[in-house]
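# Commentary on secondary and tertiary structure
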Amino acid sequence: MPHPFPRLNEQKQPHAWAIAPNASALKSLAEGIWNCAMQTNQRPLVVLSTAGPLLGVRAALEKYRPKDLPSHIAFLPQVMSFNDWLEAAPGAWKFPKKQSDLERWLSVYATLRKHKQLQAWFKAETEAGSWGLAQAIIAACDTLSNSIAPSLQQELRKLITSQEEHITQNTQSWIETLEPLLDRTIGQAYPALARKVVDQEAQVLLTFWRYITSPSDPAFRKQFAMAAHLEAAKKIAQANVRPLIWVETADPTPIDKQLIQGYLADYAQFAPAVEVTMNWESVALWAEALSPQMPEAQKLQAIQTNLHNAHSEDWHLSAAKRFEELAWATAKTIEQQLIDGKTNIALVAQDRLVARRVRALLARLGPSLKIQDETGWKLSTTRAAAALNSWLELLRAPPEGPSAADLLEFLQNPFLDLGKCLNANSTRDAESLNGLVAQLEDILIASQAKSGWETFHMAIEGSVSHGSAAPNPLLLELLQSIRGRLNRWRGVKINCALAHQYLMDDLIQIGMTQSLEKDSAGKQLLELLETFDFDVEHQQIAMRLNEWLSLLKTVIEESSYEEMGVSAAATLSILPLSSTRFREFEAVVMVGCDEQQLPAFSEPPLFFSDALNRLLGGSSIEAQFVQQARDLSQLLTSFPSVDLLWQSKSKSGEPLRASTWIQRLQMDLPNWQAQNASALFAPRSGAAIPSQMAIAKLDSDLPMPVSMSPSAYKALRDCPYKYYVRSLLGLRKLKGFEEGFDASLAGQTLHKILRNFYHATKSEAQKTSSPMTTDLELRRTWMQDQLTLISEQVFKRLIEGDARVLGVLRDWQKQIPSFIHWQLEREAQGWQFHDAEVKVGFDLPFTDVDGNERHIRIEGYADRFDVSIHDSKAASVIDYKNQNLTKVEWRSEAVLDDPQLLIYARASNESKKISGRLVNAAEWVALKADVKKEGDEAARTVAIEAMPELMQEFSEQITGDVQSLWSGKPLKAFAPDSVCQYCEARGICRKGVW
């Protein structure tokens, strides 16, 4: 039976009223509050212990407002949360200045940094660990302060009427009461054998508590606020003091209950005070949800009655085997509720990962569904925070420069204004910024420039080679601008004020402030950054840059993002189980109802075991267990439709059962069984059709190529489909930065070194006074020294940007003696260096499908040409391969499929690149000879045999291939596995499926 609202009389003690937290709880509470208003003929003050039910209580008061109320009480009673009521205390400006959480963290952190032994004791040597420890110490100190507050309640209330100096003088009086209290609780909670360890921790914590606790701490500001409210009630005439209704929406901790009951007893001396509690007798579905004082037989009877009265036919169980299946099943359940006309639905996120996945799936429904996430969506997960973090990562970079990945992530963030970075305000400059970052990304990935400002500069400067388009000149200016801003942070002694000023200046100068102000999460982020503008005392705390950045990231991680409200046809609220109290929903879907996640417990605070925490009056695991049992009972009995879902298999494949609470209900409700989540999906059928080999059909409007490089022709020989995708359609695999130093970049660097070396050798040989032309050993020594010097010069900038490149240089230096030995042997055979990195090509005539005569340009860059000193008409072409000899020999086995050297030979002969000479010899040179086994005489060349015959066969082959390409014939994917294994187009041709 529901308990009626009590008859208020002249008694000087609080009135007690209990309501059942079922579907009619809000109605009962609203009617009781209006009853109080009519009995006292005054507008009551309603204080809720938590803020969650505020809107629901106000809506219920409006809905159940009695008719014909007197005008002075017709307005809604004032409804406030406990925290809001404390903040609204009269004369709050007289209280000791409130310190922010950040300022309290800084005070503890400054103490920790002075005592390295403390950091070692608590395993907090890193910056993030120290900030986490500072938070834990403050939480522990607040627990201790709360534990002694009731015993000091009267003394603290006297302070509110005293002068500020008196408050300061008496601060130590309540601090000194801690030692005997803590000693007593430690003696009760811990065994004597562990006393030495506990004593050490207790001593450290006591020291912190003694020196950092102040009257401005939340535990004592709470006391000052309650005393101020009570003092205000005293000064008002008794007839005008409003009645106070305290609503316990959740079970309080013993300390909080003691404080509130003491306050209500004092308030009752001046006006009616009503304590509203929850009566679980008609709601509880498990024995632990009932009062411990109730006899066991009476508990069993109450539970059976509640189960009989509950609408269990509206409770549905579903189990899914996999995470994704559970998410889809949850989404389908909510979609069905929407189809059934429900417009106010709750998703209880006992499993937050699944809830986030469900949110992503439901986002497909568009703006017709409003999704409100009340589970504490972290500000750090928003794109605004990610954009800020991209700049913070650059600040962490070493002086040599950031990684390319960090640089590109910053440049690609949507809040960056490139024009601001470059001071480019004109229309011309704005247009030139289009594709600037994309071009930089292409250059860095192509050259595998992974880190370092010098490496980035070299990559941009080197991108002009081989006839590629010149990079945008603003690229170097952009890098210099960012580097300049980062250099401002280098070598500066940072304190909180300077770091905050620098960061805000950076955000303004790079245009992020203006962009963040236009974004809801960005606005909240900027407001959060403003909290780092501390008072004078904390502004001057000096710290290293990494320490300050770690603090900033910790604060962002701790902050929740508040979504903007929008209107929609239906609303889905994602909330924790505790937030369903005193709420109204048409349907509730709960995910994570397995034995591992329901119930869920929060660990006791650092420094406190559960036993010690219980003795100090804090929340215990047992209390959390009872509260969740009550919350789940309230959920099942209050809402018209409830769906409970969980994952029946863990990540390791082990079976997961439903929560024990659900299992116990199933014993009493035999027809209440879980269905397989797959039953929520309509079955589909279809006939399998085997895939056929991929065939590319050329579009008639597709322009045919007018030029072709040796690598493009090799792709055509490997697989026409590959050539079609890469060269005709222009599709490329999205590449990233590989581990280590990229082989292609190493090859390009070695090519540059050898080009410089041979040109230097050629210039030296032209000097008539040079003795190295006649002395072989002197020539060997000079060449080794020169090649070593040039190698170090070319690699120097790369090493400055990325120290890992040093290993590539050392490997090459081991090859230098052997390479010089090979060069001298080649000279002994009569070959002399002619030129390097030479662009050569020829026009290939062919007949298209219509019989028209056409030409296509075949051209590329030859690594090196040599001429013979014995034959005035002979020349040779050489191609360097940054590979071992074995791989080069494999290449020589299929010369016609990789005719790079043949193309260079024909191009040189037809264009008469070497006057009076024909290239009649060609060979590959391996730059990774096996010097460990063979020493300086290690073999490193593979020559092409029978050049005249191969040249004739190659000419016929390339003409036929080009004619087939221009004829528009279907191109089949037929390459061998060795080609397909690393093919970029394999995902399109789908080889392996057919």
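Above this note sits the structure.
So, here's what we can say about the structure. Remember, it's a predicted structure, so these values are computed and weren't measured experimentally.

## A closer look at the pairing of strand β9 (residues 570–575)
The buried fraction of β9 amounts to six of the six residues, a majority that puts the element mostly inside the structure. Burial along β9 is two-sided: A570, L572 and I574 and T571, S573 and L575, pointing in opposite directions, are all buried. Where strand β7 (residues 344–349) and β9 come together, five bridges link them in parallel fashion. Within β9, the position partnered with L347 by the bridge is I574.

## Side note on the sheet that holds strand β4 (residues 244–247)
Reading across the sheet, the five strands line up as β1-β5-β4-β2-β3 and stay open at both edges, with parallel pairing between neighbours. Two strands in the sheet have a free side with no partner beyond their single neighbour: β1 (15–19) and β3 (78–81). On average, adjacent strands in this sheet sit at an angle of 20 degrees to one another, irrespective of strand direction. Along the sheet, helix α1 (residues 25–40) contacts β1, β2 (45–48), β4 and β5 (273–278); its crossing angle with β1, the most-contacted strand, is approximately 155 degrees.

## Some details on a negative patch on the surface
Together, E527, E530, D533 and E562 make up a negatively charged patch on the protein surface. Along the chain, E530 falls in helix α26 (residues 520–530). On the accessibility criterion, E530 (45% relative accessible area) is partly exposed.

## What about the sheet that holds strand β11 (residues 642–647)?
Spatially, the seven strands line up as an open sheet ordered β8-β9-β7-β10-β11-β6-β12, and their pairing is parallel. The sheet is open, and its two borders are formed by β8 (369–373) and β12 (675–676), each paired with just one other strand. In this structure, strand β6 (residues 315–320) lies alongside β12, joined through two bridges in parallel fashion. Directly across from S318, in β12, lies its bridge partner Q675. Relative to the sheet, helix α16 (residues 352–362) contacts β7, β8, β9 and β10 (587–591), its axis offset from that of β8 by approximately 155 degrees.

## Comments concerning the environment of A346
Along the chain, A346 falls in strand β7. Accessibility expressed as a relative area gives 0% for A346, which makes it buried. It is 8.4 Å that separates the C-alpha atoms of A346 and T580, two residues lying 234 residues apart in sequence. The residues contacting A346, other than those within four sequence positions of it, are L572, S573, L575, F585, A587, V588 and V589.

## What to know about the nonpolar core
Among soluble globular proteins, nonpolar side chains are generally buried collectively. Judged by nonpolar contacts, the single largest core of 73 residues is most densely connected at W391, F410, L411, I482, L503 and W548. Tallying contributions element by element places helix α17 (residues 383–396) first for this core, with eight residues. Setting aside residues no more than four positions away along its own chain, W391 makes contact with F410, I482, R485, L486, L503, D506 and I510.

What counts and how
- Residues numbered from 1 in each chain as written.
- Predicted model: local features only at pLDDT ≥ 70, side-chain atom pairs only at ≥ 80, totals over all residues.
- Heavy atoms only, no water.
- Buried < 20%, exposed > 50% of the residue type's maximum accessible area, 1.4 Å probe, protein only.
- Helix = DSSP H or I, 4+ residues; strand = E, 2+ residues; numbered from the N terminus.
- Pairing = 2+ DSSP bridges.
- Axes fitted to C-alpha atoms, helices over the stretch in contact; angles between N-to-C directions.
- Contact = heavy atoms within 4.5 Å.
- Patch = residues over 30% accessible without salt bridge, like charges linked within 9 Å, V, L, I, M, F, W, Y side chains within 5 Å.
- Areas by Shrake-Rupley, 256 points an atom, 1.4 Å probe, with all protein chains shown as cover.
- Salt bridge = Lys/Arg side-chain N within 4 Å of Asp/Glu carboxyl O.
- Lys, Arg positive; Asp, Glu negative; His and termini not counted.
- Charge placed at Lys NZ, Arg CZ, Asp CG, Glu CD.
- Core = buried A, V, L, I, M, F, W, Y, C linked by side-chain atoms within 4.5 Å.

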